[in-house]
Amino acid sequence: MKYQFADDFWWGSATSAPQSEGASARDGKSRNIFDYWHEIAPERFHHQVGPSEASTFYDNFQQDILLLKTLGHNTFRTSISWSRLIPDGDGKVNPKALAFYNALIDSLLAQGITPFINLYHFDMPLCMQQKGGWESRAVVEAYARYAKTCFTLFGDRVTHWFTFNEPIVPVEAGYLNDLHYPCVVDFKRAVAVAYHSVLAHAKAVSHFRALGNEGTIGIILNLSPTYARSTSQEDLVAANYADLLLNKSFLDPVTTGRYPQELVDLLKANGLLPQTDPEDAQLIANGVVDILGVNYYQPRRVKAKEGFRATDEVTMPEDLFSYYDMPGRKINPHRGWEIYEKGLYDILMDLKENYGNIPCYISENGMGVEGEETFIGATGRVEDDYRIDFIREHLKWLHQALAEGSNCKGYHLWTFIDCWSWLNAYKNRYGLVRLDRESQRRMLKKSGYWFAETAKQNGFD
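The rules behind the values
Residues numbered from 1 in each chain as written. Predicted model: local features only at pLDDT ≥ 70, side-chain atom pairs only at ≥ 80, totals over all residues. Heavy atoms only, no water. Pairing = 2+ DSSP bridges. Helix = DSSP H or I, 4+ residues; strand = E, 2+ residues; numbered from the N terminus. Axes fitted to C-alpha atoms, helices over the stretch in contact; angles between N-to-C directions. Salt bridge = Lys/Arg side-chain N within 4 Å of Asp/Glu carboxyl O. Buried < 20%, exposed > 50% of the residue type's maximum accessible area, 1.4 Å probe, protein only.

A few words now on the sheet that holds strand β13 (residues 360–364). Strands sit in the order β2-β3-β4-β5-β6-β8-β13-β15 around a closed barrel of eight strands; the barrel is parallel. With direction set aside, neighbouring strand axes in the sheet form an average angle of 25 degrees. The pairing of β13 with strand β15 (residues 408–414) spans two bridges and is parallel. From the neighbouring strand, C360 faces β15, where its bridge partner is C408.

Right, let's talk about the pattern of salt bridges for a bit. Counted according to the given criterion, the structure contains 33 salt bridges. Residue D64 is joined to R442 by a salt bridge in which the shortest nitrogen-to-oxygen separation is 2.8 Å. You can see D64 sitting in helix α3 (residues 57–70) and its partner R442 sitting in strand β18 (residues 442–444), a full 378 residues away along the chain. By the burial criterion, D64 is buried, and R442 matches it. Among the salt bridges present, the one from R137 reaches D280, with a minimum N-O distance of 2.6 Å. Taken as a pair, R137 in helix α7 (residues 137–154) and D280 in helix α12 (residues 280–285) lie far apart in primary sequence, 143 residues in all. Overall, the relative accessible area of 27% leaves R137 in the partly exposed class. Look at D280 and you get buried, because its relative accessible area is 3%.

A few words on unusual backbone geometry. A negative phi angle is the norm for most residues apart from glycine, just as the trans form is the norm for most peptide bonds. Each neighbour pair has its own omega, and for Y181 with P182 the value is 20 degrees, a cis peptide bond. Here P182 shows up in the loop between α8 (168–176) and α9 (187–211). Residue T415 is reached from W414 by a cis peptide bond, and omega for that bond is 5 degrees. Mapped onto the secondary structure, T415 falls in the loop between β15 and β16 (428–429). Unlike most non-glycine residues, T56 shows phi in positive territory, near 55 degrees. When you line up the elements, T56 lands in the loop between α2 (33–40) and α3. Look at T56 and you get buried, because its relative accessible area is 17%. With a phi close to 50 degrees, A425 is a non-glycine residue in the positive phi region. On the secondary structure map, A425 appears in the loop between β15 and β16.

As C-alpha cells, then:
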C-alpha cells in the first residue's frame, strides 16, 4: 500500500536551544537552571555530562542546516534561549545572541526550510528562578516581555511561533518530583507553576496579536492518551483523574480558553486552587492558539488506586490513580517506554471530535536507543532499522487519521542529530544523524536516508 501525504505536508525535526547549542557560558549567555544544577550536582547527570557538551549547534549550525536539507526537511523547530538573548532575564538584548539567531533564521530560509521557533524549553534563566521562577507573577511578566522582544526582532521572517514546549514537564519533573531543578515536591506549588505557565502563554499570545505580525502562534504539548485498565467504574474514574490533571490541565485552557470545571472542582475540594486575579479568566480566554504542536512518545495506562477513598486527602496526583503495565505490550527496552503507534491516531481523533479539529502537527515523536554504536555496520553507518520501523508505523496511523479528516499538517521527528537530553545526557540517542562526541563528526544513519527519501516522495510504500 502507498501511504501518500499532501504536497504541503511538513517534514522535519525538532530540537531545543539548551539541548543543541552548547556554548553555554560563552558570548554573554547567562546560566539557566540546568547550567546551575550541573554545577552544584553533576552526579545527577548521566556520566556527569552537562549542557555545555550539547551538540555544538551554536558553532556548527551552518553545517547542520545543510544536513537538514539533505534529510528532506522543509520545516525545522528549535527554541530561543531566553538566557542567551536576554542574559538578565528582563533587560537588554545580547548583541551576540541577536547575531546568532538572525544568522540561524536567515540560513534556514536560504535553504528553503521554514523555521518553527519555540520560546521556552525547560530552560528558565537562573536569575529568573532566583525570583521564584514560574511561581512568580513577576517572572510571568518578564517572560511576556521576552516573548514580545522575540516577536519584534524576528517576526519579519518567523511566521510559526510556539510559546512553550511541554509546559507540564517542569511541573511534573520540577515540582511534583525531584527530576528537574528546583526539585520541589509540593502539589499546591506545582499547580501554581502550571497556572502561571498558562498565564505566561496567554500574555505572549496577546503580545503577538497586538503586534499584528504575519503567521500563527501555538503551543507544544506532550499528549499521552490515557487508557483505563478495564471498563470498571473504578478504573474509568482513575483514568479520568489522570487525563484531567496530565492532559486537560493544559490542553483545555490553550484550545478552549477555559479550564474543565471538573478539574477546578477537584483542585478546590483538595485545597489546591492557585491564587487568581480578576482579569486572568479573560486573558486565558484570549490566549487560544492558532495551532497545536503534539508531542507523542508513549501511552498512559491507568488503574484504580488500591484502597483509595473519595474522602482521602490528595497530596499528589498519584493519590488518585496508579499506573500499570499492559500485558503483552511492545516496549523500547532502552528507554523503558511502551511503543503504541495507534496512540497517535487516538490523539488526533480526540482533537478532531472534542477540540474543533484544531490545526495541529506532530511536533515530536521518536525512539531513543542506548548503546547505538553496537548497531554500526561495516560501512561505519548506524543500521537503525528499528527507528525506521518506529517512524513508519506511526506515520501509518497518522495517515489513517488524515483519511478520517484530521487537521494534522505535518510530522517532526525528535531529533535530527543525537543531542544532550537533561539528566540522561547522551544515554539514549534519538537522531537521524549520529554525533561522534569526540570528533564532532556528523554521519547520517540508515534512518536518515529513509527519512530523506520519504520526505522527497511525500510518502512511502
